[in-house]
Amino acid sequence: MAEQTHVLFVEDDDVIREATQLALERVGFAVTAMPDGLSGLEAFRARRPDIALLDVMVPGLDGVSLCRRIRDESTVPVIMLSARADSIDVVLGLEAGADDYVTKPFDGAVLVARIRAVLRRFGHAGGVRADMNAAEVDGGVLSFGDLEIDTEGMEVRRAGQPVALTPTEMRLLLEFSSAPGTVLSRDKLLERVWDYGWGGDTRVVDVHVQRLRTKIGQDCIETVRGFGYKLKA
């Protein structure tokens, strides 16, 4: 019997927490549900879940701060829950290191689909389709100036120094490096990196691109207004 995927769920609303836990357990997830951020952090450290599902507005330690604490210790995937799609909390959560977000109220089937999509892409960070003529390749390593991407070892170096990327950031970089100099639209990146089969919120892409720029160099990824982004070849 396959080992169950363990979800850490932090939500202060008793009804939502219990109903969501039951819905996730019904489809085969093992769930640790906590009512506040501090107990959520303790549970994360004790159980080391496969994925964390964090409500933004929880007492003690809010969801954004909890996400930052988790990201300081782990690259485990994090999905934020926000009550409003237009809330600044969405951006704050993504900037704190979250990989995706779901707006409340949410349909249980949609939440399960989003969790499975995140887990799929974390289970396989590959899919790179490198243009061998556009980048210098040496034993699975792509080179763009002082940036080196080891597509086999899933490691990145800048000027010889290791760069720590989350799996989502790595997948995003691999998409750019597969077609250097080619503009990739936000919708295309949502489809390829976030596994969205439909139009999603492009803020997810924008925030992750900015996070990636801070790690590999602001001038490595160019914004093409009205179209998307491209990696400078």
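Keep in mind it's a predicted model, so treat the numbers as computed, not measured.

S.K.: Explain helix α8 (residues 203-216) to me, please; I cannot follow it from the model alone.
M.R.: An α-helix turns once per 3.6 residues; consequently, residues spaced three or four apart project the same way. The first and last C-alpha atoms of α8 sit 20 Å apart over 14 residues, in line with the 20 Å expected at 1.5 Å per residue. Along α8, the residues that are buried comprise Val204, Val205, Val207, His208, Val209, Arg211, Leu212, Arg213 and Ile216. Once α8 finishes, glycine 217 follows within two positions and takes phi at roughly 120°, a positive value.

S.K.: Could you clarify how one ought to interpret unusual backbone geometry in this entry?
M.R.: Among all residues save glycine, negative phi is the norm, and among peptide bonds the norm is trans. Note that the residue after lysine 104, namely proline 105, is joined by a cis bond; omega there is -5°. Within the secondary structure, proline 105 sits in the loop between β5 (100-103) and α5 (108-123). A positive phi angle is found at methionine 154, which is not glycine, with a value near 55°. Mapped onto the elements, methionine 154 comes out in the loop between β8 (147-150) and β9 (155-158). By relative accessible area, which is 29% here, methionine 154 ends up partly exposed. Although it is not a glycine, alanine 159 sits at a positive phi angle of roughly 55°. Mapping alanine 159 onto the fold places it in the loop between β9 and β10 (161-163). Looking at alanine 159, the relative accessible area reads 55%, which means it is exposed.

S.K.: Is there a simple way to explain the pattern of salt bridges in this structure?
M.R.: Opposite charge on two side chains permits pairing when their charged atoms draw close. Within the structure shown, the criterion is met by 13 salt bridges. Ionic pairing is found between glutamate 169 and arginine 211, a salt bridge with its closest N-O pair at 2.9 Å. Separated by 42 residues along the polypeptide, glutamate 169 in helix α6 (residues 167-178) and arginine 211 in helix α8 bring together distant segments of the chain. For glutamate 169, a relative accessible area of 1% corresponds to the buried category.

S.K.: For this particular structure, what's the right way to read the pairing of strand β3 (residues 51-55)?
M.R.: Two faces, one strand: in a regular strand the side chains alternate between the faces of the sheet. Most of β3 is tucked away: five of the five residues are buried. Where burial is concerned, the two faces of β3 agree: the one with Ile51, Leu53 and Asp55 and the one with Ala52 and Leu54 are both buried. Sheet analysis places strand β1 (residues 6-10) next to β3, joined by four bridges and oriented parallel. Of the residues in β3, the one forming a bridge with valine 7 is isoleucine 51. Relative to strand β4 (residues 78-82), β3 runs parallel, the two being bridged by four bridges. Pairing of leucine 54 across the sheet is with methionine 80, part of β4. Remark: the β3/helix α3 (residues 63-73)/β4 crossover connection has right-handed handedness.

S.K.: Would you take a moment to explain the sheet that holds strand β2 (residues 30-34) for this structure?
M.R.: If you trace the five strands from one edge of the open sheet to the other, you get β2-β1-β3-β4-β5, paired in parallel fashion. Each having just a single partner strand, β2 and β5 make up the two edges of the open sheet. Neighbour to neighbour, the strand axes of the sheet diverge by 20° on average, direction disregarded. In this sheet, β2 lies alongside β1 in parallel orientation, the contact comprising five bridges. Counted as the bridge partner of valine 10 is methionine 34 from β2.

Cut-offs applied
- Residues numbered from 1 in each chain as written.
- Predicted model: local features only at pLDDT ≥ 70, side-chain atom pairs only at ≥ 80, totals over all residues.
- Heavy atoms only, no water.
- Helix = DSSP H or I, 4+ residues; strand = E, 2+ residues; numbered from the N terminus.
- Expected span 1.5 Å × (residues − 1).
- Buried < 20%, exposed > 50% of the residue type's maximum accessible area, 1.4 Å probe, protein only.
- Salt bridge = Lys/Arg side-chain N within 4 Å of Asp/Glu carboxyl O.
- Pairing = 2+ DSSP bridges.
- Right-handed = clockwise from strand over helix to strand, strands pointing away.
- Axes fitted to C-alpha atoms, helices over the stretch in contact; angles between N-to-C directions.

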